[in-house]
Amino acid sequence: MECMCGKKMKEAQVEFAGFKLKGFKCGCGEEALSPADVELVRQLKHEPIKARRVAHSLVITLPKPLAEIADIREGDMLNWTISGNQLIVQKKVLG
Ligand SMILES: [Zn+2]
């Protein structure tokens, strides 16, 4: 992928609306994201996630695209913290 400045852009993580997406960066500071990814994040941001009751616990379901962006897979161990009224879930880095 070529940048507006004429140089080649390299694959890199690009931050958008608090998400880290696969995109492209150039040495000149220009960043690029796939329009489909940007649209997906916009949609996900406006779709609340429902907590369901299963036995004595609550289950929160991650839509597949959100799980993919967050790189969370079945069986992954997740660390969590509470910050104010936010529940922050983070993939546990092993090793
Ligand atoms: Zn450039």
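Quantities reported herein were computed from a predicted structural model and do not represent experimental measurements.

Rules used throughout
- Residues numbered from 1 in each chain as written.
- Predicted model: local features only at pLDDT ≥ 70, side-chain atom pairs only at ≥ 80, totals over all residues.
- Helix = DSSP H or I, 4+ residues; strand = E, 2+ residues; numbered from the N terminus.
- Rg over C-alpha atoms; globule rule 2.2 N^0.38 Å.
- Contact = placed C-beta atoms within 7 Å.
- Pairing = 2+ DSSP bridges.
- Axes fitted to C-alpha atoms, helices over the stretch in contact; angles between N-to-C directions.
- Domains from an automatic or database assignment.
- Nonpolar A, V, L, I, M, F, W, Y, C, P; charged D, E, K, R; others polar.
- Buried ≥ 20, exposed ≤ 12 C-beta atoms within 10 Å, placed from the backbone.

### Things to note about the overall build of the chain
Then, in step 1: Each helix and strand counted, the chain has two helices and seven strands in total.
Then, in step 2: Helices (α) and strands (β) of the chain occur, in sequence order from the N terminus, as β-β-β-α-β-β-α-β-β.
Then, in step 3: Relative to the globule expectation of 12 Å for 95 residues, the C-alpha radius of gyration of the chain, 17 Å, shows a markedly less compact shape.
Then, in step 4: For the chain, restricting intrachain contacts to residue pairs at least 6 apart in sequence, the fraction spanning at least 24 positions comes to 15%.

### Details of the sheet that holds strand β3 (residues 31–33)
Then, in step 1: The three strands lie next to each other as β1-β2-β3, forming an open sheet whose pairing is antiparallel. The sheet is open, and its two borders are formed by β1 (10–16) and β3, each paired with just one other strand. Geometrically, the sheet is characterised by an average inter-axis angle of 50° between neighbouring strands, direction not taken into account.
Then, in step 2: As paired elements, β1 and strand β2 (residues 19–25) share seven bridges and run antiparallel to each other. Along β2, the bridge assignment pairs E11 with F24.

### What to know about the domain arrangement of the chain
Then, in step 1: Each assigned domain of the chain is listed here: domain 1 (1–44) and domain 2 (48–95).
Then, in step 2: Relative to domain 2, the C-alpha centre of domain 1 lies at a distance of 25 Å.
Then, in step 3: Of the residues lining the interface, four residues belong to domain 1; the matching set on domain 2 comes to four residues.
Then, in step 4: Put simply, the parts of the chain that give the side of domain 1 that touches domain 2 at least two residues each are β2 and α1 (35–45).
Then, in step 5: Taken together, the residues that form the side of domain 1 that touches domain 2 break down as four nonpolar, no polar and no charged.

### Let's talk about the environment of S57
Then, in step 1: As for its placement among the helices and strands, S57 is situated in strand β5 (residues 57–60).
Then, in step 2: Along the backbone, S57 and I72 are 15 residues apart, and their C-alpha atoms lie at a distance of 21 Å.

### Remarks on the pairing of β1
Then, in step 1: For β1, the buried fraction is low: zero of the seven residues fall into the buried class.
Then, in step 2: Hairpin geometry of β1 and β2 is characterised by an intervening segment of two residues between the two adjacent antiparallel strands and by a positive phi of about 50° at A17.

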